[in-house]
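# Observations on chain architecture
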Amino acid sequence: MRRRDKGRPRSNVRQIANDVAANIAANIADLLRIRSISEELSPVYHDGRLMTWLASECRAVVRDGLESDPWQSGEVLELANRIRSEAASNRTSVRRLSGRPTCVAPPPMEILPEHAAVTRQGGSLPWVQLATAAGSGRELWDEECDTWVALPDGLPGGSYVALNVKGESMQPLLHDGDVVLVNMGASPSRGDIVLARTENGYVVKRLARISRTSVLLESLNPKFEPITVRDFSRSVAGVVVLRWCDHDMQELRLGQQDLSPPS
């Protein structure tokens, strides 16, 4: 037996065992690292260089035909719009509701004076069926108001009016056809979305700057030029506190689709 094993190199069993244990430990450590990186709060996702590299690798996988792109161009654009809308909303105090306002019976007065038409009455408010908001302005009371809507819960007492949005100047926060709720007479601050009176009528814009003699009104859509309005005390009529939007329902339906890449 000794003679048969004489030509074999003698193995260090302890060293082999140590190497195997080290390899197993290294594999386990790698798995733990992968798991920690996959967590949403991992600091790895705050490293711009790593994320740039990871994005380039993902593009290369699709470009080289190794995997198909799980995100279609339309889905990417819709996601971008949702992100922009969320960011715009977070920068303002505008509360968002999906769908359309709930119509209710008007108060038991057939004719209301102008000043009463914007006053909260029994939890309802007038819905002015005019395209007054996010486009070229029109007169606020050009038409008689015959539609009233229920005042949403959680709002403080005040004088409110609902207005239709027209145009694309306030996208991505406001879309053509949205309905905004305006607190008439509220004290505006810089950055608020306000209802303002211009030479052409009323518009909804972001209050960008206030001076003693004028205010600067900006659109959220960079394609539209800012507007300077004189006489701050009379030009800003109210602050937009809420908007109803059908686009939210479309975004919700899109969000319910499985847009995540295959595992």
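Residues numbered from 1 in each chain as written. Predicted model: local features only at pLDDT ≥ 70, side-chain atom pairs only at ≥ 80, totals over all residues. Heavy atoms only, no water.

### Topic: the overall build of the protein chain
- What the protein chain contains, in helices and strands, is five helices and eleven strands.
- Put simply, the protein chain has 263 residues, and 33% of those count as buried.
- In the protein chain, the proportion of contacts linking residues at least 24 apart, taken out of those at least 6 apart, comes to 64%.
- With an accessible surface of roughly 17,400 Å², the protein chain has 51% of that area assigned to carbon and sulfur atoms. (Helix = DSSP H or I, 4+ residues; strand = E, 2+ residues; numbered from the N terminus. Buried < 20%, exposed > 50% of the residue type's maximum accessible area, 1.4 Å probe, protein only. Contact = heavy atoms within 4.5 Å. Areas by Shrake-Rupley, 256 points an atom, 1.4 Å probe, with all protein chains shown as cover.)

### Digging into the nonpolar core
- Formed by 18 residues in total, the largest nonpolar core has its most connected members in Leu163, Leu174, Val180, Val182, Ile193, Leu195 and Val240.
- Of all the elements in the fold, those that place two or more residues in this core are strand 5 (160-164), strand 6 (179-184), strand 7 (193-198), strand 8 (201-210) and strand 11 (236-245).
- Residue contributions to this core peak at three residues, all from strand 6.
- Those residues within four positions of Leu174 in sequence are excluded, and the remaining contacts are Val165, Val180, Val204 and Arg243.
- Within the second largest apolar cluster, eleven residues are counted, among which are Leu125, Val149, Ala162 and Trp244. (Core = buried A, V, L, I, M, F, W, Y, C linked by side-chain atoms within 4.5 Å.)

### Structural notes on a nonpolar patch on the surface
- Taken together, the side chains of Ile16, Val20, Ile24, Ile28 and Leu32 define a hydrophobic patch exposed on the protein surface, amounting to about 450 Å² of accessible area.
- Assessed through its relative accessible area of 46%, Ile24 is described here as partly exposed. (Patch = residues over 30% accessible without salt bridge, like charges linked within 9 Å, V, L, I, M, F, W, Y side chains within 5 Å. Salt bridge = Lys/Arg side-chain N within 4 Å of Asp/Glu carboxyl O.)

### Comments concerning unusual backbone geometry
- With an omega of 15°, the peptide bond between Gln171 and Pro172 qualifies as cis.
- Counting through the fold element by element, Pro172 comes out in the loop between strand 5 and strand 6.

### A closer look at the confidence of the model for the protein chain
- With 76% of its residues at a pLDDT of 70 or more, the protein chain shows a mean pLDDT of 76.
- This stretch, residues 110-118, has a pLDDT under 50; its non-local contacts, to residues over four places away or in other chains, come to 13 contacts.
- Low confidence marks residues 251-263, where pLDDT is under 50. Its contacts with residues over four positions away, or in another chain, come to 13 contacts. (pLDDT = per-residue confidence, 0-100.)

### A closer look at the side chain of Ser219
- Note that Ser219 resides in the loop between strand 9 (214-218) and strand 10 (227-230).
- Among all residues touching Ser219, those that are not within four sequence positions of it are Ser169, Met170, Lys205, Phe224 and Glu225.

### Examining the pairing of strand 8
- With seven of ten residues buried, strand 8 is to be regarded as a mostly interior element.
- Of the strand pairs in this sheet, strand 7 and strand 8 are connected by six bridges, and their pairing is antiparallel. Counterpart to Ala196 in the pairing with strand 8 is Val203.
- Adjacent in sequence and paired antiparallel, strand 7 and strand 8 are bridged by two residues.
- Relative to strand 9, strand 8 runs antiparallel, the two being bridged by four bridges. Bridge assignment links Arg209 to a residue of strand 9, and that residue is Leu216.
- Connecting strand 8 to the next strand, strand 9, in antiparallel fashion are three residues. (Pairing = 2+ DSSP bridges.)

### Topic: the side chain of Thr198
- Among the secondary structure elements, Thr198 is positioned in strand 7.
- The class of Thr198 is buried, set by a relative accessible area of 14%.
- Beyond its immediate sequence surroundings of up to four residues, Thr198 is in contact with Val203 and Val229.

### Things to note about the pattern of salt bridges
- All told, the structure shown has four salt bridges when counted by the stated rule.
- Of the charged contacts in the structure, one is a salt bridge between Arg100 and Asp246, with a shortest N-O distance of 4.0 Å. Of this pair, Arg100 sits in the loop between strand 1 (95-98) and strand 2 (103-104) while Asp246 is found in the loop between strand 11 and helix 5 (247-255), placing the two residues 146 residues apart along the sequence.
- Under the relative-accessibility criterion, Arg100 is labelled partly exposed at 36%.
- The class of Asp246 is partly exposed, set by a relative accessible area of 33%.

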